[in-house]
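# Coordinates in review
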Amino acid sequence: MPGDVIIGGMFPIHYRVVSSNSSSSTSPQSSGCEGFNFRAFRWARTMIHAINEVNQNDSILPDVQLGYTIYDSCFTISKAVEGTLTYLTGQDEAVPNYRCGNGAPLAVLVGAGGSALSIATARILGLYYFPQVDYSASCSVLSDKFQFPSFIRTIPSDIFQSRAMAKLVIHFGWTWVGTIASDDDYGKYGIKNFKEELEKVGVCISFSETIPKVYAREKIVQIVDTIEQSTAKIIAVFSADIDLSSLIEEVMQRNISGRTWIASEAWINSALISKPEYSSLLGGTIGFAIQRADISGLRDHLIQLDPRNSGEKLITEFWERAFDCMWPEHGVDANVKNRIHIIPPLSQRLCTGKENLNEIENTYIDVSQLRLTYSVYKSVYTVANALHNMHTCKTGEGPFVNGTCANISDFQPWQLMYYLKNVRFKSLLGEEIYFDQNGDIDAIYDIINWQRTSEGYISFKVVGSYNATAPSGQEMIIQNDSIIWNDDQVTPPSSVCSESCQPGTRKGIRQGEPVCCFDCIPCADGEITNETDSRECIQCPEDYWSNANRDECVHKVIEYLGYNDVLGMALIALSIFGACVAAAIAVAYLVRKDTALVKANNRGLSFVLLFSLVICFLSSVVFVGEPVAWSCMTRQVLLAIGFATCLSCMLSKAVNLMLKARETKAKSPEGTTKKLFSPLQQRIIALIFVSCHACLCAAWLIILPPYPVKNTQSQNIKIIMECNEGSVVFLCCVLGYDALLAAICFVFAFIARKLPDNFNEAKFMTFALLVFFIVWISFIPAYLSTRGKYMVAVEMFAILASSFGLVACLFVPKCYIILLKPERNTEELVSGKTDTNDRSAPPTSQSLTTSGISTACSLVTLN
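These numbers were taken from a predicted model, which means no experiment stands behind them.

## Considering the sheet that holds strand β25 (residues 707-711)
- With respect to topology, three strands assemble into an open sheet ordered β24-β26-β25, the strand pairing being mixed. Across the chains shown, the open sheet's two edge strands, defined by having one partner strand only, are β24 (557-559) and β25. Going across the sheet, the axis of each strand differs from the next one's by a mean of 25°, ignoring polarity.
- Bridging between β25 and strand β26 (residues 718-724) involves five bridges; their strand directions are antiparallel. Bridge pairing links V709 to E722 in β26.

## Considering the sheet that holds strand β11 (residues 260-263)
- Spatially, the eight strands line up as an open sheet ordered β9-β8-β10-β11-β12-β15-β16-β17, and their pairing is mixed. Looking at strand neighbours, the two that pair on one side only are β9 (204-211) and β17 (476-478), the edges of this open sheet. Strand-to-strand, the axes of this sheet are offset by a mean angle of 25°, without reference to chain direction.
- Of the strand pairs in this sheet, β11 and strand β12 (residues 286-290) are connected by two bridges, and their pairing is parallel. From the neighbouring strand, A263 faces β12, where its bridge partner is G287.
- Across the sheet, helix α6 (residues 217-229) touches β8 (176-182), β9, β10 (234-238) and β11, and the angle it forms with β9 is around 165°.

## Observations regarding the side chain of S534
- Relative to the helices and strands, S534 resides in the loop between β20 (527-528) and β21 (538-539).
- Given the relative accessible area of 11%, S534 is considered buried.
- Only 3.1 Å separates the side chain of S534 from the backbone oxygen of E531, close enough to count as a polar contact.
- What S534 contacts, discounting residues up to four positions off in sequence, is T505, R506, K507 and T529.

## A few points about the pattern of salt bridges
- Scanning the model with the defined rule gives 26 salt bridges in all.
- Of the charged contacts in the structure, one is a salt bridge between D184 and K213, with a shortest N-O distance of 3.2 Å. Pair noted here: D184 is in the loop between β8 and α5 (185-200) and K213 is in the loop between β9 and α6, with a separation of 29 residues, a long-range link.
- We classify D184 as buried; its relative accessible area is 9%.
- You can call K213 partly exposed: its relative accessible area is 34%.
- As a salt-bridge pair, E197 and K200 come within 3.4 Å of each other at their nearest N and O atoms.

## Focus on the packing of aromatic side chains
- As enumerated under the stated definition, the model contains 38 aromatic pairs in all.
- When the ring of W43 is compared with that of Y135, the centres are 5.7 Å apart and the planes differ by 65°; the resulting orientation is edge-to-face. One end of the pair, W43, is in helix α1 (residues 38-56); the other, Y135, is in the loop between β6 (132-134) and β7 (151-153), and 92 residues separate them in sequence.
- For Y135, a relative accessible area of 0% gives the class buried.
- Residues F318 and Y364 carry aromatic rings whose centres are separated by 4.6 Å and whose planes lie at 55° to one another, so their mutual orientation is tilted. One end of the pair, F318, is in helix α11 (residues 313-323); the other, Y364, is in the loop between α12 (334-342) and α13 (372-391), and 46 residues separate them in sequence. Taken individually, F318 and Y364 each receive the classification buried, so the pair is uniform in this respect.
- Here a set of aromatic residues connected by ring pairs shows up, and it is made of F643, F746, F750, F772, F773, W776, F779 and Y783.
- When the ring centre of Y434 is taken as reference, the NZ or CZ atom of R424 above it lies at 4.4 Å.

## What to know about the side chain of T505
- Mapped onto the elements of the fold, T505 is located in strand β18 (residues 505-509).
- Classification of T505 by relative accessible area gives buried; the value is 16%.
- At 2.7 Å, the side chain of T505 and the backbone oxygen of Q502 are in polar contact.
- What T505 contacts, discounting residues up to four positions off in sequence, is C520, I521, P522, C523, T529 and S534.

## A word on the environment of T69
- Within the secondary structure layout, T69 lies in strand β4 (residues 66-72).
- Taking relative accessible area as the criterion, T69 reaches 27% and is therefore assigned partly exposed.
- Sequence separation between T69 and I48 is 21 residues, and the spatial gap between their C-alpha atoms is 9.7 Å.
- The contacts of T69, once residues within four sequence positions are left out, are I6, I7, G8 and G9.

## Remarks on helix α7 (residues 241-254)
- Look at α7: 20 Å from first C-alpha to last across 14 residues, which is about the 20 Å you get at 1.5 Å a residue.
- When α7 is considered as a whole, its buried residues turn out to be D241, I242, D243, L244, L247, I248, E250 and V251.
- Once α7 finishes, N255 follows within two positions and takes phi at roughly 55°, a positive value.

## Topic: helix α20 (residues 728-751)
- For α20, which comprises 24 residues, the first-to-last C-alpha distance of 34 Å matches the rise-based estimate of 34 Å (1.5 Å per residue) to within 8%.
- Among all positions of α20, only F730, L731, V734, Y737, D738, L741, A742, C745 and A749 are buried.

## Remarks on the confidence of the model for the chain
- With 88% of its residues at a pLDDT of at least 70, the chain reaches an overall mean of 84.
- A low-confidence stretch, residues 834-863 (pLDDT under 50), is modelled with 34 contacts involving residues beyond four sequence positions or located in other chains.

## Some remarks on a nonpolar patch on the surface
- Together, L680, I684 and I688 make up an exposed nonpolar region whose accessible area comes to about 280 Å².
- Relative to the helices and strands, L680 resides in helix α19 (residues 679-703).

## What to know about unusual backbone geometry
- A cis amide bond, omega 25°, links G111 with the succeeding residue A112.
- Along the chain, A112 falls in the loop between β5 (106-110) and α3 (115-127).
- The phi angle at L61 is positive, at roughly 45°, despite the residue not being glycine.
- The residue L61 is located in the loop between α1 and β4 in this model.
- The backbone of D324 shows a phi angle near 55°, a positive value even though the residue is not glycine.

## Section: the pairing of β4
- Most of β4 is tucked away, with five of its seven residues classed as buried.
- Relative to β4, strand β1 (residues 5-11) is paired through seven bridges, and the arrangement is parallel. Bridging across to β4, V5 finds its partner in L66.

About the cut-offs
- Residues numbered from 1 in each chain as written.
- Predicted model: local features only at pLDDT ≥ 70, side-chain atom pairs only at ≥ 80, totals over all residues.
- Heavy atoms only, no water.
- Pairing = 2+ DSSP bridges.
- Helix = DSSP H or I, 4+ residues; strand = E, 2+ residues; numbered from the N terminus.
- Axes fitted to C-alpha atoms, helices over the stretch in contact; angles between N-to-C directions.
- Contact = heavy atoms within 4.5 Å.
- Buried < 20%, exposed > 50% of the residue type's maximum accessible area, 1.4 Å probe, protein only.
- Polar contact = N/O pair within 3.5 Å; in protein donor to acceptor, adjacent residues only side chain to side chain.
- Salt bridge = Lys/Arg side-chain N within 4 Å of Asp/Glu carboxyl O.
- Phe/Tyr/Trp six-rings, centres within 6.5 Å; stacked < 30°, edge-to-face > 60°.
- Lys NZ or Arg CZ within 6 Å of the ring centre and 35° of its normal.
- Expected span 1.5 Å × (residues − 1).
- pLDDT = per-residue confidence, 0-100.
- Patch = residues over 30% accessible without salt bridge, like charges linked within 9 Å, V, L, I, M, F, W, Y side chains within 5 Å.
- Areas by Shrake-Rupley, 256 points an atom, 1.4 Å probe, with all protein chains shown as cover.

This is the structure we're talking about:
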């Protein structure tokens, strides 16, 4: 349409060019196009509608009529470049660097309908600084004003969309994502920015595939195989709907379900992809779309087509495709004939031109999702407002040299470019349209969710929004409850290479795989993690240990042999019982203190011996309970002194018995006997030995006394409360002293074991010391092989066992005679003497031996 100023438009009204065999023997001709795009045709008609509105609006360019020239890019770079050069030349044949037309000035090119196409045309237009306003080219590289100085757009840059898609992935916790991009600048730059945003937060890419611009089945099959084999359930796609359609068709044939697709604005509301037959596969798709608007009067304008009067071949072809009919041949030119032969109609029915557009349902007349259509509308009004500002410029106040203004009837492209960069006006939605230094507008998106209807169709549900101008952290608003995912699920799908490591485990990286693929390794003992996906385990403090789940440090179990412990109570009971037995024996001795058996071999030492055994029994009680300073200092010392007293008394007796045995063996003449130790001397000997031991113990307690400690090394999960003996040297000296006494006593008792008395105490002393040695020799390996309270229990058991052994061997036989056989508790029977005047009983070897050595074997000095 002619006018005072011409606006150029370029739209991908066809999907592709017709393939032809090129030949250098004939003159090259422009390729034909095939695959009618109803959606792009609606965009072109929207441009016409917007220009008509401007021409009828007295407030914008009241005395200027806008005209237009619209070209079909066929969604191909070559056709887009051809159309650009044709537009600049001003005639049907493109002549580079020449303006062959003399008509109205060319203002701007609106298009070319895709990032790859617009990049190609922007490079050409940028050479002349000729303005280009694009409605769908969102590739981020177009923000580079060094490469594209005359390019602006009414669609947000993909740099914002990539960030928005990354925030969507992060919002739902997806860490394992596949990406697919078309093999053009739109797909490559968009997916590149998307990946960079994901890598910043640790999200991994499972696969990254590229859809070829020229259909290649082998490549499509390979992409679908990758999708099918991948464990990623989320697939982000940066592609135009035309490029994506062949891939979706193959996915549909394979029936690959269970995937959630993240759509870019180029196909989020595409009728080509949102077909009912794809609803089972693509239901639940979520993505971003530019803002939509209701454009007044647009639908009426769209249906006001009459192929009978227009003479436009595009309208004729639209009519054929819309109503599935063939236009009468006399109304079709040669080019249309060729195209009809290339793409035959589905029916041979002839078109009448009277068909009603209101009776069909296709993308062209669907005005429910006017998003890119609204962007086209804004592009026209951007140009119109810039032209209006240029036209209303007052001389002397203009932006150019000396305040001059441009003449709308004869202006340079760079002059209009100034006004385009500085234009500012209100849109249909009330938003203020202006361009930043990169020629971009504010990025505001709707978040769209594809939801299946009961009839099997796909409805576009707005479930949120993204505003790049909002404060940080508040850019995205999303209604999670409104989203219906694939398979009609209301809970978001999960897409992870490895499930999150729960508290108590840490991530273990798999060699050669992305960081999102890992093994969950349980924390070692004493280490925890209390967060999911922890990379390292935390060491618990010294007094703490990890619980069974390794997610919390708990206080270590404090262990000691307590009074409320069953084992402790049992050992205390045995200790008290042993002390009572020793006390009972002492009472029995005291009651029968004047009998021969009690008086034999120094009954005073016997009482001291019994008292020391009571101390030994009761000393084990000190081992029970939580170790404190006084108990640590008491337990070993009290035990050592108790046994030292016991062994000193036994040693004093054993010395006397040994001397007596040697006297007997020497068979001294009558009346000559060796001097034995008196009772007082025996007590002094015992007192000396005990005093030496007491001095050693006192030195130990003064210099390096035992003290309580917390043993955290023996057992990881327990704190063993025990006593540090202070000095191992002192401990060995104290215990070694007792062992030395026992050894000397054993030697003397062993020598005197064959005394001919009927009741030979040396023999019982020998057995008692054998028991003592066996117990304590067995104690050593048992003690070293146990830990905690059982070490204390082993020591208590050794104390009790040796004490009971001494009581049993030394006093039980005597008590048997004293209490049960009192008739044998006489001096004659105890000493082995018999009445020689009694002839009724035949002499025995024992009696003869006894009478022969009656003097030597008389009773040991009585007390």
